Number of protein chains: 8
Amino acid sequence: MSDFYSRLNKDDAVVLLVDHQTGLISGLVRDYGVDEFKNNVLALAKTAKFFDLPVILTTSFENGPNGPLMQELVELFPDAPKIDRPGQINAWDNEDFVKVIEETGKKQLIIAGVVTDVCVAFPALSAVNAGYEVFVATDASGTFSKQVADAALTRMAHSGVQLMNWFSIACELQRDWRNDVEGFGALLSSQLPGYQNLIGSYTGAQRDLSKQTN
Amino acid sequence: MSDFYSRLNKDDAVVLLVDHQTGLISGLVRDYGVDEFKNNVLALAKTAKFFDLPVILTTSFENGPNGPLMQELVELFPDAPKIDRPGQINAWDNEDFVKVIEETGKKQLIIAGVVTDVCVAFPALSAVNAGYEVFVATDASGTFSKQVADAALTRMAHSGVQLMNWFSIACELQRDWRNDVEGFGALLSSQLPGYQNLIGSYTGAQRDLSKQTN
Amino acid sequence: MSDFYSRLNKDDAVVLLVDHQTGLISGLVRDYGVDEFKNNVLALAKTAKFFDLPVILTTSFENGPNGPLMQELVELFPDAPKIDRPGQINAWDNEDFVKVIEETGKKQLIIAGVVTDVCVAFPALSAVNAGYEVFVATDASGTFSKQVADAALTRMAHSGVQLMNWFSIACELQRDWRNDVEGFGALLSSQLPGYQNLIGSYTGAQRDLSKQTN
Amino acid sequence: MSDFYSRLNKDDAVVLLVDHQTGLISGLVRDYGVDEFKNNVLALAKTAKFFDLPVILTTSFENGPNGPLMQELVELFPDAPKIDRPGQINAWDNEDFVKVIEETGKKQLIIAGVVTDVCVAFPALSAVNAGYEVFVATDASGTFSKQVADAALTRMAHSGVQLMNWFSIACELQRDWRNDVEGFGALLSSQLPGYQNLIGSYTGAQRDLSKQTN
Amino acid sequence: MSDFYSRLNKDDAVVLLVDHQTGLISGLVRDYGVDEFKNNVLALAKTAKFFDLPVILTTSFENGPNGPLMQELVELFPDAPKIDRPGQINAWDNEDFVKVIEETGKKQLIIAGVVTDVCVAFPALSAVNAGYEVFVATDASGTFSKQVADAALTRMAHSGVQLMNWFSIACELQRDWRNDVEGFGALLSSQLPGYQNLIGSYTGAQRDLSKQTN
Amino acid sequence: MSDFYSRLNKDDAVVLLVDHQTGLISGLVRDYGVDEFKNNVLALAKTAKFFDLPVILTTSFENGPNGPLMQELVELFPDAPKIDRPGQINAWDNEDFVKVIEETGKKQLIIAGVVTDVCVAFPALSAVNAGYEVFVATDASGTFSKQVADAALTRMAHSGVQLMNWFSIACELQRDWRNDVEGFGALLSSQLPGYQNLIGSYTGAQRDLSKQTN
Amino acid sequence: MSDFYSRLNKDDAVVLLVDHQTGLISGLVRDYGVDEFKNNVLALAKTAKFFDLPVILTTSFENGPNGPLMQELVELFPDAPKIDRPGQINAWDNEDFVKVIEETGKKQLIIAGVVTDVCVAFPALSAVNAGYEVFVATDASGTFSKQVADAALTRMAHSGVQLMNWFSIACELQRDWRNDVEGFGALLSSQLPGYQNLIGSYTGAQRDLSKQTN
Amino acid sequence: MSDFYSRLNKDDAVVLLVDHQTGLISGLVRDYGVDEFKNNVLALAKTAKFFDLPVILTTSFENGPNGPLMQELVELFPDAPKIDRPGQINAWDNEDFVKVIEETGKKQLIIAGVVTDVCVAFPALSAVNAGYEVFVATDASGTFSKQVADAALTRMAHSGVQLMNWFSIACELQRDWRNDVEGFGALLSSQLPGYQNLIGSYTGAQRDLSKQTN
């Protein structure tokens, strides 16, 4: 049995979205294309929504250059706890943040944020030490460069953080398509243009044949 | 005066969308990321819509592996002429296609399509020879690789095709923000996450100050 | 002695090909060139064939947008067990799949599939936990991007999965060229154009000299 | 009318394959992946075959380190003139080579070879000066690096050579799918794994529906 | 004599800095690293200062998401004309902008800006048509991606715009080191860390020997 | 609790800058752009200064081709111990170097240098074995290529070195913005053009509104 | 103390050069440029020579397409044991190879070869299991692609192989420049053009000053 | 007949090597790997030597940070005119430089240098205007980045400069292998490791067969 592997479970998981603020994304994130990054963040958010996972939002100095939380996240999670940290860089240093996590009673943390090497890595490492199973959504987390991201991901991986992407997180939570084929297909289609094209082609092919057979 | 430069004018321009079909995009386009490419194509389409330009759609064998036209384009342009070519690879070889262009009475053609080296380059070069001013939306056109795209774009540039991207096309058509500040801002914001972030931060900053001053 | 290294052995190994379906490859795989990826998958398949390893095929929703299994795999392994999963995303959750593995009595699993972060990583990690020695054929497995692949490969490596490529798998199984020089040479030549060129040049050089000496 | 554009016509075209020798490919070509390059060269060759274009082969020092012509080309064109140049680097300096071209009576030359900056560029530029319309199949031509290829392609483009890729050459020669839908589809499918996947998915979708409707 | 080449002359040149605004740089520029881009823009600005060239600043909607002009430019050129365009996207459409250029009496325009495909390309092409010699400082101009930049630069080059970088502009204006060795050396050293290192090593070597000889 | 994670603490940390000499940077560092690398090194140095951490400088053969220490480091740390090693490649082999570290009484070492695989990796690995907690500032360390850096960083990570970048080091030391909002903001702004732009835009937005409300 | 780190020592080390054969390099190595790779291999070889380390050469089927050992290696090590393996792919399976290693009595193995994933990884992993300390010279080892190399290096690193490059190996063996300043400088200069340039500039600077002072 | 193409002729050509100085290469060249660049420069120099072309050397401030000319060039061309420019940046502004060119009576200039955008582009463009046929050896010319090189090469190509690489220059000068098969083969082999490997394999293959037939 590997010490480094545990399996995500939708009943045990909570999603932490850390500092996805307009200024930070605009000014600092350079390891993903802008279209790709926005889609990835929304994909993770919609995944959380689809599985009804508890979501906890946190920001650092919204009233300043870092900018407000992405508007789409505000709208997707109007009732989620949102911890506006008055100064702590590592969200884990904010007692309210840790407390709302504890109150969920969950032991699996899915974390994404901006920037990867700070806003993600710091609470992720703290959470491992606090006994949580930690999963980082690497492609919904951005930073200055691929080189900076690689260093941060290596640091986390060696400490037991499990590196995943939003799609594998969604699939692991879903477990079986039959739990909701249509809903899950709609989720993928809305955030994966590649998958949307497949569905378009398949539907088209059926329509063609259906014309021919009539 | 350069022979190679003319200025796009919203009263003189028509948009040709060639073979943006789900199968072709999925199976053949590899010079743009999937998120980026979808956003670019929709951006060009919405630009055409915003400026009320005549749009002409054409497809190659929708009833087959190439797949149907992207659903979003169908929905955006329900009344646009749509030429389903029965076999001609170069859309310019299809008389109906040329005829609907001629009927617009416009002399500036904005072309995008899949794949760049065939579905875009062939009609673009034919149109130059037919006396049109031709503008290719390079980033709403995709193909097998960067190397293939570069060869095709070079071939077109040397024949007088003007290489643009959807954003510069939109800006050249708009000419002056004052023609419709809100509308144009909304167009950019919807397709440029980078611009959307700027607006988010600006609005946030105003909200902050407004709180302070009250 | 390293806990992370064990040596592939053709008497102990079984090959699991997971979801190499036309739609998934076409719509989702972007971390390998299309020519390269097809050649890699066929290379792994022919390697399995050459060594007479048990092969187990599995698919996810062949009757849908994911598309059918690559035709070449169907033809290469007409008698292999093929588990069409009715919904389970992690193939290890499908009891039939695990059962046909167990029935082989082998303890070394060679896994490849589409996409790496889900269809490969999930059963690979489950198999490690079930006590198998797991080898992933990284270059016969594809996914959305190099960044996504890197995260998934890191996750697997830290849990004890051994990362290999089809060529090193073939070489490890072969052990000694003398076991079948011609057969093994033909296998490499058919899937490695670089090696085929070497053989072409060598044969040419011999022919030249042979002409000169006669 | 552009001076830089003319349209390929299967009745006017001849294909020149220059020095696709095993040693040169193996030792010198680094601007394309090995799988991709082999597939591209065969694709151009099969295109020539499919359209029954005259093909002229030429080599430089086959009896030496450069190695023999790729075996597949020998087999595809057993009756094609093959000019083994005794020393001329620019094939156009070889009178026999020019003579067999002249004897075809064609005015459009499609050229590919190894290496791009010499074996392709030299005869291409000579042919332009001799009054031919010259089309270079860029992706069936290889050389030391992308930077070297870019310089050579720029030099050719400024002298009137038209840069194309094998796929656009095939499409320009075909003009209309209806000239031979099945044959042309088979050509594309055999050399474009991306297109092969589309056909696989389409066929699969039809089979599915056909099952459902029976 | 080439129609496409003319030589920069410090007595004939004026520098146009178009829309180097904090928001646009932050939100849109992705074809240069952030450190590199800032250094390049300042380098061009300091070059203009060093040669006492007339500098004309212009902005688009400073009072909004585009943000204010980079503070360093404001400070470097407190007395330069600064045209805050009320809406014109192409600065050449603003009569005041053209007028201040005309008033300089210069015929060589050095242009840089954000983004390359719009704020640079539009006035550059207009200026060529108006009879100016136009030089674009490519590396002090930024945009969405390398692909977008390439298309825009190709379009400009074919229309007679001369593509340069800040360093070659500085060198062409300087003509001869002896015009001011120390001043020019200081300019290069302040913006080229690579050159600064050379000077550091040279000075160090001299110090070493000087110690030895004493 | 992870064995691979410990948290930087400004009371426990000392910074070791190893061989940031003009010749070595100029001649050997190729895994970072020159502007980016200079900015990163200065950023780490200013971070050390800001937090008043003890800094230890060391050089290898300043009186020779390696060149003198970067002048900016000399000026930033006029009173720091500077160990000019007479020959030892691994700084840890120099007793004076180890002694000044020991005399600080700190247990956390932040190391950066040129080149990563030697001047950083050797003392970092020695320090781990000597019982220190070691943090490498990867982006203030440079070497021959990305491939060489990756191998060295992998070697260090597997031995317990924690890979960080200057920004995450600064943030970990700061812990809470409220410890000095203005000072920390100035530090970030001076070395992160992306952050500087955010502040510029925010300030601009406030100025705008303030005008409107007056 | 890390289990993953040990320090190279010139009295304990032996160098194994595995299958650096002309055909394999030419046909298969694509993760390094050809100039760079040749220089790296010779650099490692000259390092071994400089430190008088025992060197063991081995080849796989020299009499065939793989080609002979690089001529430079033959000339550098005329008296080294050279094990021409009759068929074993993993050199460790060849008893003679293991025997000559054992006869050196050394416990540290420095391994390089072609291809990394087979000819290097297999004996490296076997040697770890046999109790040796194993160091792979990553940049003197080549293979099909960066992706294949990364998988192989990850596999080795997790099993305890230490990843180094030829330069860090040379530096670790040298320990102190004073052991032979001129000899070591000459070694670096001959294989590192970057270092050679530094020496050229330094010598030039001294010459300059010396002229001035006379 | 193209205005942009003329053919190099060894009786008409002279080689200009501009500012290949150790400091400039070390501090500024970043668009080629260091091994590759050194090999390219030497290859061009040896090509000039092999064809007995007149070579003209020039430097800018050898007595300073730019450093002396590469020592290998000094040794290869002890009798070549060497113009040490006292200040002119564009070598064409130096009357002595132009005069030694004129004295050769040649009309074809092959130019290479550091940096491409200044030391190469300036005299190349001046020479075109002075009526020379100008060929730039792109891969023996280096500069700050690929982007800077691309802009400079585009500028030159549009003015009639022909872009070549050292290998195509050598081949164009050689015209026919039979002019000196051994000499030309030795030239290629010494600077092209890829070609050297081919010769190694071919010689090996002959040796093998020769053993078998005896």
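What counts and how
Counting from 1, residues in each chain are numbered in the order their sequence is written. Chains carry letters from A onward and ligands carry numbers from 1 onward, assigned in written order. Only residues with pLDDT of at least 70 get local features here, since the model is predicted, and only at 80 or more are side-chain atom pairs given and counted; chain-wide, interface and lining totals rely on the full set of residues. Side-chain calculation: all heavy atoms of the structure are included, whereas hydrogens and water are not. In what follows, residue pairs with any heavy atoms lying within 4.5 Å of each other are defined as contacts. Accessible area that two parts lose when put together, with a 1.4 Å probe and added across both, is what the buried area reports. For this document, the term salt bridge refers to a Lys or Arg side-chain nitrogen within 4 Å of an Asp or Glu carboxyl oxygen. Polar contacts, as counted here, are pairs of nitrogen or oxygen atoms within 3.5 Å of one another; within protein the pair requires one atom able to donate a hydrogen and one able to accept it, and residues that are adjacent in sequence qualify only if both atoms are side-chain atoms. Numbering of helices and strands starts at the N terminus; helices are DSSP runs of H or I of at least 4 residues and strands are runs of E of at least 2. Between buried and exposed lies partly exposed: a residue is buried under 20% and exposed over 50% of the maximum accessible area for its type, with that area taken using a 1.4 Å probe on protein chains only. Between any two strands, at least two bridges found by DSSP are needed for them to pair. With its strands directed away from the observer, a crossover is right-handed exactly when the path from the first strand over the helix to the second travels clockwise. To superpose the copies, least squares is applied to the C-alpha atoms of every residue with a pLDDT of at least 70 in both. Two rings from Phe, Tyr or Trp (for Trp, the six-membered ring) form a pair when their centres sit within 6.5 Å of each other. Planes less than 30 degrees apart are called stacked, planes more than 60 degrees apart edge-to-face, and all others tilted. The criterion is that NZ of a Lys, or CZ of an Arg, lies within 6 Å of the ring centre and within 35 degrees of the ring normal, and then a charge sits over that ring. Between the N-to-C directions of two axes lies an angle of 0 to 180 degrees, each axis being a line fitted to C-alpha atoms and, for a helix, fitted only over the stretch in contact. Relative orientations are named as follows: roughly parallel for angles under 35 degrees, roughly antiparallel for angles over 145 degrees, roughly perpendicular for angles from 65 to 115 degrees, and oblique for any other angle. The sense of a crossing depends on the near helix, which, turned anticlockwise from the far helix by less than a right angle, makes the crossing left-handed and, turned clockwise, makes it right-handed. Throughout this entry, Asp, Glu, Lys and Arg are counted as charged residues, while Ala, Val, Leu, Ile, Met, Phe, Trp, Tyr, Cys and Pro are counted as nonpolar. The remaining residues, Gly among them, count as polar. Scored from 0 to 100, pLDDT records how confident the predictor is in each individual residue. Either an automatic procedure or a domain database provided the assignment from which the domain bounds are taken.

Sorry if this is basic, but what is going on with the interface of chain E and chain B here?
Reports often express the size of an interface as the amount of accessible area lost when the parts come together. Every contact between the two is made by 33 residues of chain E and, on the other side, 35 residues of chain B. Between chain E and chain B, roughly 2,900 Å² of surface is buried when both sides are summed, and carbon and sulfur atoms account for 60% of that area. The largest per-residue losses of area from chain E upon contact with chain B belong to Gln 147, Arg 155 and His 158 of chain E, which jointly make up 23% of the total buried on that side. Our count for the contact surface shared by chain E and chain B stands at two salt bridges. One salt bridge in this structure joins Lys 146 of chain B and Asp 150 of chain E, with 3.9 Å as the shortest N-O distance. At the boundary of chain E with chain B, the tally comes to eight residue pairs in polar contact (both at pLDDT 80 or more). Counting only elements with at least two residues in the side of chain E that touches chain B, the list comes to helix 1 (22-28), helix 5 (116-129) and helix 6 (146-158) of chain E.

How do you make sense of the pairing of strand 2 (residues 55-60) of chain F when you look at a structure like this?
Residues and elements named next belong to chain F. Buried residues dominate strand 2, accounting for six of its six residues. As judged from the four bridges shared by strand 1 (residues 13-18) and strand 2, these two strands associate in the parallel manner. Along strand 2, the bridge assignment pairs Val 15 with Val 55. One crossover worth recording links strand 2 to the parallel strand 3 (residues 82-85) by way of helix 3 (residues 71-76), and it is right-handed.

How should I be thinking about the interface of chain F and chain A in this particular structure?
Contact residues are listed per partner, giving 35 residues for chain F and 33 residues for chain A. The contact between chain F and chain A buries some 2,900 Å² in all, and 60% of this surface belongs to carbon and sulfur atoms. Counting the surface chain F buries against chain A, the share from its top three residues, Tyr 5, Trp 177 and Leu 198 of chain F, is 20%. Here chain F is connected to chain A by two salt bridges. For the interface between chain F and chain A, the tally reads eight residue pairs in polar contact (both at pLDDT 80 or more). At the level of secondary structure, the elements contributing two or more residues to the side of chain F that touches chain A comprise helix 6 (146-158), strand 6 (162-164), helix 7 (166-174), helix 8 (181-191) and helix 9 (193-213) of chain F.

What's the story with the relation of the copies chain F and chain A in this structure? I'm lost.
For the pair of chain copies, the relating operation is a rotation around an axis with a shift along it. Superposing chain F onto chain A takes a rotation of 90° combined with a translation of 0.0 Å along the rotation axis, leaving an RMSD of 0.0 Å. Accordingly, the operation relating the two chain copies is best matched by a four-fold axis. By C-alpha distance to the rotation axis, the residue of chain F lying nearest is His 158 of chain F, at 5.5 Å. Here only 3% of the contact residues of chain F are again contact residues in chain A; the copies associate through non-equivalent surfaces.

Please explain the packing of aromatic side chains as it appears in this structure.
Following the criterion strictly, the structure yields 72 aromatic pairs over all chains and no others. Aromatic pair Trp 177 of chain C and Phe 184 of chain C: ring centres 5.0 Å apart, planes at 80°, arrangement edge-to-face. What makes Phe 184 of chain C buried here is its relative accessible area of 0%. Ring centres of Trp 92 of chain H and Tyr 132 of chain H lie 5.6 Å apart, and the angle between their planes is 80°; this geometry places the pair in the edge-to-face category. Of this pair, Trp 92 of chain H sits in the loop between strand 3 (82-85) and helix 4 (95-104) while Tyr 132 of chain H sits in the loop between helix 5 (116-129) and strand 5 (133-137), and the two are 40 residues apart along the sequence. Of the two residues, Trp 92 of chain H and Tyr 132 of chain H, neither departs from the other in class, the shared state being buried. An aromatic cluster of at least three residues, connected via ring pairs, comprises Phe 50, Phe 51, Trp 177 and Phe 184 of chain A together with Phe 61 of chain C. It is Lys 107 of chain D that lies over the ring of Tyr 132 of chain D; its NZ or CZ is 4.3 Å from the centre.

Explain helix 8 (residues 181-191) of chain D to me, please; I cannot follow it from the model alone.
Of all the residues in helix 8 of chain D, the buried ones are Gly 183, Phe 184, Gly 185, Leu 187, Leu 188, Ser 189 and Gln 191 of chain D. Looking at the buried positions of helix 8 of chain D, the neighbouring elements they touch are helix 2 (34-50) of chain C together with helix 2 (34-50), helix 7 (166-174) and helix 9 (193-213) of chain D.

Got a minute to help me understand the pairing of strand 2 (residues 55-60) of chain A in this structure?
A regular strand places its side chains so that they alternate between the two faces of the sheet. All names here are of chain A. The two faces of strand 2 match: Val 55, Leu 57 and Thr 59 on one face and Ile 56, Thr 58 and Ser 60 on the other face are all buried. Note: strand 2 against strand 3 (residues 82-85), four bridges, orientation parallel. Of the residues in strand 3, the one forming a bridge with Thr 59 is Asp 84.

I would appreciate a short explanation of the relation of the copies chain E and chain B in the present structure.
The two copies are related by a screw motion: chain E maps onto chain B through a turn of 90° and a shift of 0.0 Å along the axis, at an RMSD of 0.0 Å. Each copy contacts the other with its own distinct surface, as only 3% of the interface residues of chain E are interface residues in chain B too.

Teacher, can you tell me more about the packing of helix 7 (residues 166-174) of chain C against helix 5 (residues 116-129) of chain G here?
When two helices pack together, you describe them by how their axes are tilted relative to each other and by the distance separating the axes. Put simply, helix 7 of chain C and helix 5 of chain G touch, their axes get as near as 9 Å, and they point 50° apart. In terms of their interaxial angle, helix 7 of chain C and helix 5 of chain G are classed as oblique. Relative to helix 5 of chain G, the crossing made by helix 7 of chain C is right-handed. Between helix 7 of chain C, through Phe 167, Ser 168, Cys 171 and Glu 172 of chain C, and helix 5 of chain G, the contact on the second element is made entirely by Asp 117, Val 118 and Phe 122 of chain G. Considered class by class, the residues forming the contact of helix 7 of chain C with helix 5 of chain G number four nonpolar, one polar and two charged.

Honestly, the confidence of the model for chain A in this entry has me stumped. Any pointers?
Caution is warranted with low-pLDDT regions, since their predicted coordinates should not be read in detail. Confidence along chain A averages 96 in pLDDT terms, with 98% of residues attaining 70 or more. Under the prediction, the complex receives an ipTM of 0.96, its pTM being 0.97.

Before we go on, may I ask you to explain the environment of Ala 127 of chain B in this structure?
All names here are of chain B. Within the secondary structure, Ala 127 sits in helix 5 (residues 116-129). With 10 residues separating them in the primary sequence, Ala 127 and Asp 117 have C-alpha atoms 15 Å apart. Dropping the residues within four chain positions of it, Ala 127 is found in contact with Trp 92, Leu 109, Tyr 132 and Val 134.

What is the right way to look at the sheet that holds strand 2 (residues 55-60) of chain G in this model?
Two strands in a sheet stick together by hydrogen bonds in their backbones, pointing the same way (parallel) or opposite ways (antiparallel). An order of 3-2-1-4-5-6 (chain G) is seen for the six strands of this open sheet, with the pairing classed as parallel. Since the sheet does not close on itself, it has two edges, and those belong to strand 3 (82-85) and strand 6 (162-164) of chain G, each with one partner. Direction aside, the axes of adjacent strands within the sheet are offset by 25° on average. Running over the sheet, helix 6 of chain F touches strand 5 (133-137) and strand 6 of chain G and is turned about 150° from strand 6 of chain G.

Hey, could you run me through the sheet that holds strand 4 (residues 108-113) of chain F in this one?
All names here are of chain F. With parallel pairing, six strands are arranged side by side in an open sheet as 3-2-1-4-5-6. At either end of the open sheet lies a strand with only one pairing partner, and these are strand 3 and strand 6. Across the sheet, the mean angle separating the axes of adjacent strands is 25° when strand polarity is ignored. The sheet contact formed by strand 1 and strand 4 spans six bridges and is parallel. Bridging from a neighbouring strand, Val 14 pairs with Leu 109 of strand 4. Here helix 4 (residues 95-104) sits on the sheet and contacts strand 1, strand 2, strand 3 and strand 4; the angle it forms with strand 2, its principal contact strand, is near 175°. Contacts from helix 5 (residues 116-129) reach strand 1, strand 4 and strand 5 (133-137), with the element oriented near 165° to strand 4.

What exactly am I supposed to notice about the domain arrangement of chain A here?
Residues and elements named next belong to chain A. One can read the domain layout of chain A as domain 1 (13-175) and domain 2 (176-213). Computed over C-alpha atoms only, the centres of domain 1 and domain 2 are separated by 30 Å. Each side of the interface is counted separately: domain 1 has 13 residues, and domain 2 has 11 residues. Here domain 1 meets domain 2 over a buried area of about 1,000 Å², counting both sides, of which 68% is carbon and sulfur.

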